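Structural features, examined
So you can see what is in the structure, the chains are spelled out below.
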Amino acid sequence: MIHAGPPAASRAWHRHPFRGIVLRSRHAPDPEETAVTSVLDSAHAPAPADQTGADVIVAARSEEQPHEKLPGTIYTTAEKVEKEGRRALPVKADLSKDEDIENLVKVAMAEFGRVDILVNNAAILFPGKFHELPFRRFDLTYRIVLRAPALLTHMLLPQMIERGSGTVINISSIAADMTGADDVAYAMWKLALRKMAEGIAEENKDNGITAFSLSPVSGVATPGLLFWNPLESIPPDQLEPTDWMGRCAVFLCSERARKYSGQHFYTKDLLQGPAKGF
């Protein structure tokens, strides 16, 4: 979520002092214990801050580093934003719990008074055959990947509508365009996030609200990916630059992106198309 000063519809979005929450996700060794997070990976966190003048709330469970292969906490991510000259507020939040989501919104509104941009990127993944996985893992995947973004959006849209401006970005996945085999629940909910953005955009096209879904076109060398796959084991052509997601998110928050509201984009297509030269 990102807070900003009062924007005028006729003015360029990047001229306003933004504040808000950047969200990260990671796949951890024991996902039920350590992977329930909501934050853009720390590799991407500075991009919205340094390019938009954004003040950021960083929300996740990771107050302490959960594993030597998973560096970073909400505090270290916040420090990266602050090094760019912006304010960053770390907030511990387990997005499988409604009370944590409600507290996150409460803190955001108390500290910044408004939320202008919501990036829904929380994710959790349990690889395996659908019928072999305990159903509680299906439920947890639903709560993190789809329900938490839906609840956050439901809670924050009214103040965006009242103000006449706001952007919601749902981070989807290439899994949504594949068969879903061996990660059925994850693929289901990532596809649903696209429909959620499309519907919200259509419902609010006259309210000044934009909504998008965004997917990396290939792997991103984040700590979560590298935990399961050593960098040397991944062919270079199967990785995209780590700054693409951040650059795309910044573009989608701009006035120039408004006419594309409701659409899903892959990073490469967006950067070579609508966002070219941005």
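Structure: see above.
Residues numbered from 1 in each chain as written. Predicted model: local features only at pLDDT ≥ 70, side-chain atom pairs only at ≥ 80, totals over all residues. Heavy atoms only, no water.

Moving on, we get to the packing of aromatic side chains. What characterises a pair of aromatic rings is the spacing of the ring centres plus the angle enclosed by the ring planes. Summed over the entire model, instances satisfying the criterion amount to 6 aromatic pairs. Geometrically, the ring pair formed by Phe135 and Phe138 is stacked, given 4.7 Å between the ring centres and 20° between the ring planes. Here the residue Phe135 and the residue Phe138 both occupy positions in helix 5 (residues 135–163), the gap between them amounting to 3 residues, near one helical turn. Exposure remark for Phe138: the relative accessible area of 16% places this residue in the buried category. A centroid spacing of 5.5 Å and a plane angle of 65° characterise the contact between Phe138 and Trp189, whose relative ring orientation is edge-to-face. Pair noted here: Phe138 is in helix 5 and Trp189 is in helix 6 (residues 184–203), with a separation of 51 residues, a long-range link. Side by side, Phe138 and Trp189 carry an identical accessibility label, which is buried. Taken together, the aromatic side chains of Phe130, Phe135, Phe138, Tyr142 and Trp189 make up a single cluster linked through ring pairs. (Phe/Tyr/Trp six-rings, centres within 6.5 Å; stacked < 30°, edge-to-face > 60°. Helix = DSSP H or I, 4+ residues; strand = E, 2+ residues; numbered from the N terminus. Buried < 20%, exposed > 50% of the residue type's maximum accessible area, 1.4 Å probe, protein only.)

For Ile169, the position within the fold is in strand 6 (residues 166–171). Taking C-alpha positions, Ile169 is 6.1 Å from Asn120, a pair spaced 49 residues apart along the chain. The contact partners of Ile169, leaving out residues within four places of it in the chain, are Leu118, Val119, Asn120, Phe212, Leu214, Ala249, Leu252 and Cys253. (Contact = heavy atoms within 4.5 Å.)

Turning our eyes to something else, we now look at the pattern of salt bridges. Here the structure, examined in full by the defined rule, presents 12 salt bridges. Between Arg194 and Asp177 there is a salt bridge whose closest N-O contact spans 3.1 Å. Taken as a pair, Arg194 in helix 6 and Asp177 in the loop between strand 6 and helix 6 lie far apart in primary sequence, 17 residues in all. Judged by its relative accessible area of 47%, Asp177 falls in the partly exposed class. Each of the salt bridges in this network shares a partner with another, and the network as a whole consists of Asp98, Arg143 and Arg147. (Salt bridge = Lys/Arg side-chain N within 4 Å of Asp/Glu carboxyl O.)

Turning to helix 5, a few remarks are in order. Over its 29 residues, helix 5 runs 41 Å from end to end, which matches the ideal 42 Å to within 8%, given 1.5 Å per residue. When the local axis directions of helix 5 are compared, the greatest deviation, roughly 45°, occurs at Arg147, which is followed within four positions by the proline Pro149. Gly164 sits one or two residues past helix 5 and shows a positive phi near 85°. (Expected span 1.5 Å × (residues − 1). Bend = angle between axes of the 7 residues up to and from the residue.)

A word on the nonpolar core. Core analysis: the largest hydrophobic core is formed by 41 residues, its most contacted members being Ile57, Leu95, Leu104 and Met160. Listing elements by their share of this core, those giving two or more residues are strand 3 (54–60), strand 4 (88–92), helix 4 (98–112), helix 5, helix 6 and strand 7 (209–215). Looking at this core element by element, the count peaks at 11 residues for helix 5. Counting 19 residues, the second largest nonpolar core, distinct from the first, contains Phe212, Leu214, Met245 and Phe265. (Core = buried A, V, L, I, M, F, W, Y, C linked by side-chain atoms within 4.5 Å.)

Read these as geometric descriptors, not functional statements.
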